[in-house]
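Overview (structure and organization)
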Amino acid sequence: VQLQASGGGLVQAGGSLRLSCAFSGRAFSTYAMGWFRQTPGKEREFVATINMGGSQVYYSDSAKGRFTISRDNAKNTVYLQMNGLRPGDSAVYYCAAAQYESRTAYVPRQYDNWGQGTLVTVSS
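Quick look at the structure, then.

Parameters at a glance
- Residues numbered from 1 in each chain as written.
- Predicted model: local features only at pLDDT ≥ 70, side-chain atom pairs only at ≥ 80, totals over all residues.
- Heavy atoms only, no water.
- Helix = DSSP H or I, 4+ residues; strand = E, 2+ residues; numbered from the N terminus.
- Rg over C-alpha atoms; globule rule 2.2 N^0.38 Å.
- Contact = heavy atoms within 4.5 Å.
- Lys, Arg positive; Asp, Glu negative; His and termini not counted.
- Charge placed at Lys NZ, Arg CZ, Asp CG, Glu CD.
- Pairing = 2+ DSSP bridges.
- Axes fitted to C-alpha atoms, helices over the stretch in contact; angles between N-to-C directions.
- Phe/Tyr/Trp six-rings, centres within 6.5 Å; stacked < 30°, edge-to-face > 60°.
- Buried < 20%, exposed > 50% of the residue type's maximum accessible area, 1.4 Å probe, protein only.
- Lys NZ or Arg CZ within 6 Å of the ring centre and 35° of its normal.

Helices and strands together make up the secondary structure of the protein chain, namely zero helices and eleven strands. Reading the secondary structure of the protein chain in the N-to-C direction produces β-β-β-β-β-β-β-β-β-β-β. Taken over the C-alpha trace, the protein chain has a radius of gyration of 13 Å; the compact-globule value for 124 residues is 14 Å, and the two agree within 12%. A principal-axis box enclosing the C-alpha atoms of the protein chain has dimensions of 40 × 25 × 25 Å. In the protein chain, once contacts between residues fewer than 6 apart in sequence are set aside, the share between residues at least 24 apart is 57%. Each charge class in the protein chain was averaged separately, 12 positive and 7 negative side chains, and the resulting centres sit 3 Å apart.

Here it is, written out as structure tokens:
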């Protein structure tokens, strides 16, 4: 399995970005997908997850109401639409895949595969 995250960049506070994560290698629809973020010196932080079929989503408190996770199983891609960005959202964002994970996957150890990360910088 390979995950390729993209869409990061520099944006002003209040702005928006859409992250994408292209999945390849196995049956995408058998994987729950998640987004995490990390800043230097801190642990990887859960942002959002979506189940295999795309019918259930779950967000961190900081992401709720501002971010939207979605997936397109025909395109083997998961997205993270981020609106109302704040400087505190600045981090490297990682997508992750968890095969056959039917529980809400909000901790890193539930995931089998990780992408390389994409940097999001929000200026004040």
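Taken in spatial order, the four strands line up as S1-S3-S8-S7 in an open sheet, and their pairing is antiparallel. The open sheet terminates on both sides in strands that have one partner only, identified here as strand S1 (2–6) and strand S7 (67–72). When strand polarity is set aside, the average angle formed by the axes of neighbouring strands in this sheet is 15 degrees. In this structure, S7 lies alongside strand S8 (residues 77–82), joined through six bridges in antiparallel fashion. Note on S8: the bridge partner recorded for Phe67 is Met82.

Following the criterion strictly, the structure yields nine aromatic pairs and no others. Pairing Phe46 with Tyr106 gives two aromatic rings, centres 6.3 Å apart and planes at 70 degrees, and the pair type is edge-to-face. Remark: Tyr106 occurs in the loop between strand S9 (91–99) and strand S10 (113–114) and Phe46 occurs in strand S5 (residues 45–50); sequence separation between them is 60 residues. According to the relative accessible area criterion, Tyr106 is partly exposed, its value standing at 43%. A connected cluster of aromatic rings, assembled from ring pairs, spans Phe36, Phe46, Tyr58, Tyr106, Tyr111 and Trp114. Residue placement shows Arg18 over the ring face of Tyr79; its charged tip is 3.9 Å from the ring centre. One residue, Arg44, lies across the ring of Trp114, its end atom 4.7 Å from the ring centre.

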